Amino acid sequence: MRRPLIAGNWKMYKTISEALEFVQALKPLVVASTHCQIVVAPVFTAIKPVADRLEGSNIEVAAQDVADESGPGAFTGEVSARMIFDAGARLSIIGHSERRQYYCETDETVNKKIRAAFSAGLGVIFCVGERLEERDGGRAEAVVAEQIGGGLRNLTVPEASRIIIAYEPVWAIGTGRTATPETAQQMHAFIRSRVREMFGETVADSVRILYGGSVKPDNIAALMNEADIDGALVGGASLEADSFARVVNYKDNR
Ligand code: PGA
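Summarised in this report is the structure supplied together with it.

Cut-offs and rules
Residues numbered from 1 in each chain as written. Predicted model: local features only at pLDDT ≥ 70, side-chain atom pairs only at ≥ 80, totals over all residues. Heavy atoms only, no water. Phe/Tyr/Trp six-rings, centres within 6.5 Å; stacked < 30°, edge-to-face > 60°. Helix = DSSP H or I, 4+ residues; strand = E, 2+ residues; numbered from the N terminus. Buried < 20%, exposed > 50% of the residue type's maximum accessible area, 1.4 Å probe, protein only. Lys NZ or Arg CZ within 6 Å of the ring centre and 35° of its normal. Near = heavy atom within 4 Å. Polar contact = N/O pair within 3.5 Å; in protein donor to acceptor, adjacent residues only side chain to side chain. Areas by Shrake-Rupley, 256 points an atom, 1.4 Å probe, with all protein chains shown as cover. Nonpolar A, V, L, I, M, F, W, Y, C, P; charged D, E, K, R; others polar. Axes fitted to C-alpha atoms, helices over the stretch in contact; angles between N-to-C directions. Parallel < 35°, antiparallel > 145°, perpendicular 65-115°, else oblique. Left-handed = near helix turned anticlockwise from the far one by under 90°. Contact = heavy atoms within 4.5 Å. 1 Å grid on protein atoms, 1.4 Å probe; cavity = no way out; pocket = protein on both sides within 12 Å on 5 of 7 lines; lining within 4 Å. Points joined across faces, edges and corners; volume = space filled by probe spheres on them. Pairing = 2+ DSSP bridges.

This part covers the packing of aromatic side chains. Taken as a whole, this structure holds 3 aromatic pairs when the rule is applied. Ring plane angle 45 degrees and centroid distance 6.4 Å describe the contact between Phe22 and Phe244, whose orientation is recorded as tilted. One end of the pair, Phe22, is in helix H1 (residues 16-30); the other, Phe244, is in helix H12 (residues 241-248), and 222 residues separate them in sequence. With respect to burial, Phe22 and Phe244 carry one shared label: buried. Pairwise contacts between aromatic rings join Trp10, Phe22 and Phe244 into one cluster. The ring of Trp10 is capped by Lys14, whose NZ or CZ atom sits 5.4 Å from the centre of that ring.

As structure tokens, this is what we get:
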């Protein structure tokens, strides 16, 4: 059984006080939501105050990125996985398409970051997904296969069994154009088959694959109905406590 996971990716939104206001509003809305793991990913500066405020609750904190170097060392501007763990986060998003697109992250960087996160005890939400021209050119699976192969290269089986993968087609992020449940399911099944080839049946059966890209309260239930969709990475709809809670409580939307 794979436990569903709903994660909110706040991107570069919310100051510390805005983030605290959000979690204060969210807590009572999801206090009875035991059917899934709930995660919010604030900006670095808000991780510690948010994690402190969420102590003892059923909501966990993730970072949105980690340094590819473990350090400590002379890497101006970087924040190591150990520092992120120290601030109270227990997971990190890694390889988000915005990092790949605007900050030139390659599969190799992503792989280094995943290994740095694991060695500091952080869980990883590893993002993959094709761009529109790649899908239109019939290359969606080839692109994702390459991202999976590169990102997970040289991981041990115990490490691979802890990875959480997020399939986020770039054309669906922030566009209001979500993948249909069928399109998402097809890619999720493909991703699981790649994981099976790399790490075997047991890892493939247990690894959670989240969908991301314009997930909203009104489309989450249909997505969660698919066999290989184990949760969601939510951007825009995670910025308001009410709408994020409705995504978390997707079973009530059915
Ligand atoms: P979106 O973002 O839900 O606003 O499309 C998802 C993401 O980028 O993780």
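And the narrative resumes.
Around the ligand lies a shell of 13 residues, among which Lys11, His96, Glu168, Gly174 and Ser214 are the nearest. The contact in question runs from an oxygen atom of the ligand to an N or O atom on the side chain of Asn9, over 3.4 Å. Within the backbone of Gly236, one N or O atom sits 2.8 Å away from an oxygen atom of the ligand. Alone, the ligand offers 280 Å² of accessible surface; in the complex the protein occludes 97% of this. Its residues assigned to classes, the shell around the ligand shows 4 nonpolar, 7 polar and 2 charged.

Turning to the packing of helix H7 (residues 140-151) against helix H9 (residues 181-199), a few remarks are in order. One way to put it is that H7 packs onto H9 with a least axis distance of 10 Å and a crossing angle of 40 degrees. Of the possible angle classes, the one that applies to H7 and H9 is oblique. Classified by chirality, the crossing of H9 by H7 is right-handed. On H9, the residues that touch Ala140, Glu141, Val144, Ala145, Ile148 and Gly149 of H7 are Met187, Phe190, Ile191, Arg194 and Met198. The residue makeup of the contact of H7 with H9, split by class, is 8 nonpolar, 1 polar and 2 charged.

On to the layout of surface pockets. A water-sized probe, rolled over the atoms, reveals where empty space remains. A volume near 530 Å³ is recorded for the largest pocket. In terms of residue count, helix H4 (residues 97-102) provides more of the lining of the largest pocket than any other element does, 3 residues in total. Here the lining of the largest pocket is composed, by residue class, of 10 nonpolar, 4 polar and 5 charged.

Quick look at the sheet that holds strand S1 (residues 5-9) now. The parallel closed barrel is built from 8 strands, whose spatial order is S1-S2-S3-S4-S5-S6-S7-S8. The mean angle between the axes of side-by-side strands here comes to 25 degrees, regardless of whether they run parallel or antiparallel. By the bridge criterion, 4 bridges tie strand S4 (residues 91-94) to strand S5 (residues 123-128) in an arrangement that is parallel. Opposite Ile94, over in S5, you have Phe126 as the bridge partner.

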